[in-house]
Amino acid sequence: MSPTPFGDRLHDLLEDRGRLCAGIDPHPALMDAWGMTDSAVGLERFAMTAVEALAGTVAVVKPQSAFFERHGSAGIAVLEKVVTGCRDLGSLVLLDVKRGDIGSTAQAYADAYLAPTSPLAVDAVTVSPFLGMGSLDPFLATAAQHGAGVFVLALTSNPEGPQFQHARVGTGSTGRTVAGTVLDAVRQANAGVPPGGLGSVGAVVGATIGETDEDLDVDGPLLVPGIGAQGGSVADVRRIFGPAARLVLPSSSREILAAGPDKHALRDAALRAADAFSDLATV
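Everything numeric in this text was worked out from a predicted model, so none of it was measured.

Engineer: Can you walk me through the overall build of the protein chain in this structure?
Structural biologist: Helix and strand counts for the protein chain come out as 12 helices and 10 strands. Projected onto the principal axes, the alpha-carbon positions of the protein chain cover approximately 55 × 40 × 40 Å. Put simply, the protein chain has 283 residues, and 52% of those count as buried. For the protein chain, the exposed area adds up to about 11,900 Å²; of that, 53% sits on carbon and sulfur atoms. Of note, the protein chain has its 20 positive side-chain charges centred 2 Å away from the centre of its 31 negative side-chain charges.

This is how it looks when you write it as structure tokens:
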């Protein structure tokens, strides 16, 4: 029996829990604000408090792998607990790893995060296409095999992004932008998705990119960081995405986590963030 595609599972959860993706970013400054030490012990207290507060409430939880990796093997062990805890409470887990490599190394990364036999297996990952879209084939194939999802960096919210993402492929000003090429490839990967459905390959498009002429309708989810503490708002999402807003999965981390460590306050912050986007066009 084939696994249920990530896009289908995400579609159902967005209807049930709203469209928020809540980040778990155990930044040292946040851990200190919560009164927790910057150690593996403090990391586990921070992360599992966030899991217990958020995973039963939001559709998607997005741990930032780097903040766990900085604590070595003990941090990875905590990340495994986060993944299990979120899934036990019914949330999809999108691991923010931004991996991108070639050949057997890309396949190893795909197996590490998307193969069900891995202790770090999650529902979806973020990947970087800047070694060429073909370099992502192992991720896309492994995700399709196991009903997982892949989110491809396209128009990111960091100010350095346009240096590469706005560069044009082809002759002069008539060439296609790199970001546009990425979005085209994501759209092609979702070919065959029925009307009203949601593909399993998404793109990352920041809420702080300003105006864009790119076609953002990729028939798959659009992970939108930059919400809240980074300055992105609901109005920005409406303006930037237009009709493609039905695909938006807004991501908020620091603004929600700043409400901790009280679990009720964390949950209330997540619910407020989700409610702010509830009137966007439904998927």
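Engineer: Would you explain helix H7 (residues 137-146) in this entry?
Structural biologist: Three- or four-residue spacings in an α-helix give side chains the same orientation, since the helix completes a turn every 3.6 residues. Every buried residue belonging to H7 is among Pro138, Phe139, Thr142 and Ala143, and all of these are buried. When H7 is viewed along its axis, its buried side chains cluster within an angular range of 125° and face the same direction. Turned more than 90 degrees from where H7 packs its buried face, Ala144 and Gln145 sit exposed. With its phi angle positive at about 70°, Gly147 sits one or two positions after the end of H7.

Engineer: Could you clarify how one ought to interpret the side chain of Thr49 in this entry?
Structural biologist: Locating Thr49 in the fold gives a position in helix H3 (residues 40-54). Judged by its relative accessible area of 14%, Thr49 falls in the buried class. With residues up to four places along the chain from it excluded, the contact list for Thr49 reads Trp34, Met36, Pro261, Lys263 and Leu266.

Engineer: Quick question: what am I supposed to make of the pairing of strand E2 (residues 60-63) here?
Structural biologist: One face of the sheet, then the other: side chains in a regular strand alternate in exactly this way. Of the two faces of E2, both are covered, the one formed by Val60 and Lys62 as well as the one formed by Val61 and Pro63. Here four bridges tie strand E1 (residues 21-24) to E2, and the two strands are oriented parallel to one another. Note on E2: the bridge partner recorded for Ile24 is Pro63. Judged from the two bridges that link them, E2 and strand E3 (residues 92-99) form a sheet pairing that is parallel.

Engineer: Is there a simple way to think about the sheet that holds E1 in this case?
Structural biologist: Across a sheet, strands are paired by hydrogen bonds formed along the backbone, either parallel or antiparallel in direction. One closed barrel holds the eight strands; their spatial order is E1-E2-E3-E4-E5-E8-E9-E10, and the pairing between them is parallel. Taken over all neighbouring pairs, the strand axes of this sheet differ in orientation by 30° on average, direction set aside. Where E1 lies against strand E10 (residues 248-252), two bridges are found, and the strand directions are parallel. Counted as the bridge partner of Ala22 is Ser252 from E10.

Engineer: Sorry if this is basic, but what is going on with the packing of H3 against helix H5 (residues 72-88) here?
Structural biologist: Two quantities define a packed helix pair, namely the angle between the helix axes and the distance between the axes. Viewed as axis vectors pointing N to C, H3 and H5 meet at an angle of 10°, and their least axial separation amounts to 10 Å. By the criterion of interaxial angle, the relationship of H3 to H5 is roughly parallel. Handedness of the H3/H5 crossing: right-handed. Together, Ala40, Leu43, Glu44, Ala47, Met48 and Val51 of H3 and Ala74, Gly75, Val78, Lys81, Val82, Gly85 and Cys86 of H5 make up the contact between the two elements. A breakdown of the residues in the contact of H3 with H5 according to their chemical character gives nine nonpolar, two polar and two charged.

What counts, and where the lines are drawn
Residues numbered from 1 in each chain as written. Predicted model: local features only at pLDDT ≥ 70, side-chain atom pairs only at ≥ 80, totals over all residues. Heavy atoms only, no water. Helix = DSSP H or I, 4+ residues; strand = E, 2+ residues; numbered from the N terminus. Buried < 20%, exposed > 50% of the residue type's maximum accessible area, 1.4 Å probe, protein only. Areas by Shrake-Rupley, 256 points an atom, 1.4 Å probe, with all protein chains shown as cover. Lys, Arg positive; Asp, Glu negative; His and termini not counted. Charge placed at Lys NZ, Arg CZ, Asp CG, Glu CD. Arc of directions from axis to C-beta. Contact = heavy atoms within 4.5 Å. Pairing = 2+ DSSP bridges. Axes fitted to C-alpha atoms, helices over the stretch in contact; angles between N-to-C directions. Parallel < 35°, antiparallel > 145°, perpendicular 65-115°, else oblique. Left-handed = near helix turned anticlockwise from the far one by under 90°. Nonpolar A, V, L, I, M, F, W, Y, C, P; charged D, E, K, R; others polar.

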